[in-house]
Amino acid sequence: TTIDDAVDTARQVHKECREKESSLLASLAQIDRQVKDAQEWMNGKLALWQQKHNALAPRFQAWMEVGLGGLPTSAIAEHANLVDEYQDAVDDYTKALHDYNKALHDYEAKLVENSTASAEYAKQKETCEQNQAKFEESICDSGASLQSTCNAYLSAYTVRAQDYQEITSSVAARTIDRQAEWKHLKRVSCVLRTLAAMDGDLGASSSAGADVN
């Protein structure tokens, strides 16, 4: 029926919607974990960069305060040696800063991805809630239709059952009457045959008496 088809359609739409919702929820949970991992990675890189910064900043600050103007050649050479000595530390600092910036970029990208996934999941959930409402409504309509059909069937059955009982009782009564009529007719027929036979015998007896006289 049309109502049954509507129920089947609503059930299938609701099923597919919930499956997609579950898939989006699983993806969202995975992205959440990736966001946390990216945040931990970023914090680690930030701590390493701060460590390198804290080690180098005081030295560079001291050199800047003293300056190179008016220093003897030996002092300038000493500063150059210090720069060479801490070149590896500067490289480590630069790499740490680069790694932190990359980790920060990845973390922010994951936040955007998480926000997009959350919005998509929320939209899908809302759609599924609407589909579920339509599905439940179609089930209720189907139930009401079935109840109406059952009531109509029960009413028709009751009427037909009463008609059947009345017809059965009428047929039973007519059967008894016809049996009585049949027995009566058989008796009448039997009496008539007997009378006819008796009439024949009487006629033959009268003819014989006339011949004797």
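About the cut-offs
- Residues numbered from 1 in each chain as written.
- Predicted model: local features only at pLDDT ≥ 70, side-chain atom pairs only at ≥ 80, totals over all residues.
- Heavy atoms only, no water.
- Helix = DSSP H or I, 4+ residues; strand = E, 2+ residues; numbered from the N terminus.
- Buried < 20%, exposed > 50% of the residue type's maximum accessible area, 1.4 Å probe, protein only.
- Contact = heavy atoms within 4.5 Å.
- Areas by Shrake-Rupley, 256 points an atom, 1.4 Å probe, with all protein chains shown as cover.
- Core = buried A, V, L, I, M, F, W, Y, C linked by side-chain atoms within 4.5 Å.
- Salt bridge = Lys/Arg side-chain N within 4 Å of Asp/Glu carboxyl O.
- Disulfide = S-S within 2.5 Å.
- Patch = residues over 30% accessible without salt bridge, like charges linked within 9 Å, V, L, I, M, F, W, Y side chains within 5 Å.

This paragraph deals with the overall build of the protein chain. For the protein chain, the helix and strand inventory stands at three helices and zero strands. Ordered by position in the sequence, the α and β elements of the protein chain form the string α-α-α. Scored against the burial criterion, the 213 residues of the protein chain give a buried share of 15%. Of all intrachain contacts in the protein chain linking residues separated by at least 6 positions in sequence, the fraction that spans at least 24 positions is 93%. Here the protein chain has roughly 15900 Å² of accessible surface; of this, 58% comes from carbon and sulfur atoms.

On to the nonpolar core, then. Counting eleven residues, the largest nonpolar core is built from Leu 24, Leu 28, Ile 31, Val 35, Ala 38, Met 42, Tyr 100, Ala 103, Tyr 107, Ala 117 and Tyr 121. For this core, the secondary-structure elements that each account for two or more residues are helix H1 (2–66) and helix H3 (87–212). With six residues, H1 is the largest single contributor of residues to this core. Ignoring any residue separated from it by four or fewer positions in sequence, one finds Leu 28 in contact with Asn 114, Ala 117, Ser 118 and Tyr 121.

Oppositely charged side chains can form a pair if their charged atoms are brought close together. Going through the model one piece at a time under the given rule, you end up with ten salt bridges. Asp 8 is paired through a salt bridge with Arg 11; the nearest N and O atoms lie 3.0 Å apart. Of this pair, Asp 8 and Arg 11 both sit in helix H1, three residues apart, roughly one helical turn. By relative accessible area, Asp 8 is classed as partly exposed at 43%. When the shortest N-O distance is used, the salt bridge between Glu 19 and Lys 15 registers 2.7 Å. A residue pair is termed a helical-turn pair when its members lie 3 or 4 positions apart in one helix, as Glu 19 and Lys 15 do in helix H1 at four residues. A relative accessible area of 44% places Glu 19 in the partly exposed class. Several salt bridges share partner residues, and in doing so they unite Arg 18, Glu 21, Lys 125 and Glu 129 into one network.

One pass over the full model with this rule turns up one disulfide. The disulfide that involves Cys 17 links it to Cys 128, with 2.1 Å between the sulfurs. Every disulfide takes its handedness from the sign of the S-S torsion; for Cys 17 and Cys 128 that torsion is -105°, giving left-handed. In this pair, Cys 17 sits in helix H1 while Cys 128 sits in helix H3, placing the two residues 111 residues apart along the sequence. Using a relative accessible area of 6% as the deciding quantity, one classes Cys 17 as buried. A residue is classified by how much of its surface remains accessible, and Cys 128, at 0% relative accessible area, is buried.

Here we take up a nonpolar patch on the surface. Together, Val 188, Val 191, Leu 192, Leu 195 and Met 198 give the surface a local cluster of nonpolar side chains, amounting to about 430 Å² of exposed area. One can find Leu 192 in helix H3. When its relative accessible area of 53% is taken as the criterion, Leu 192 is described as exposed.

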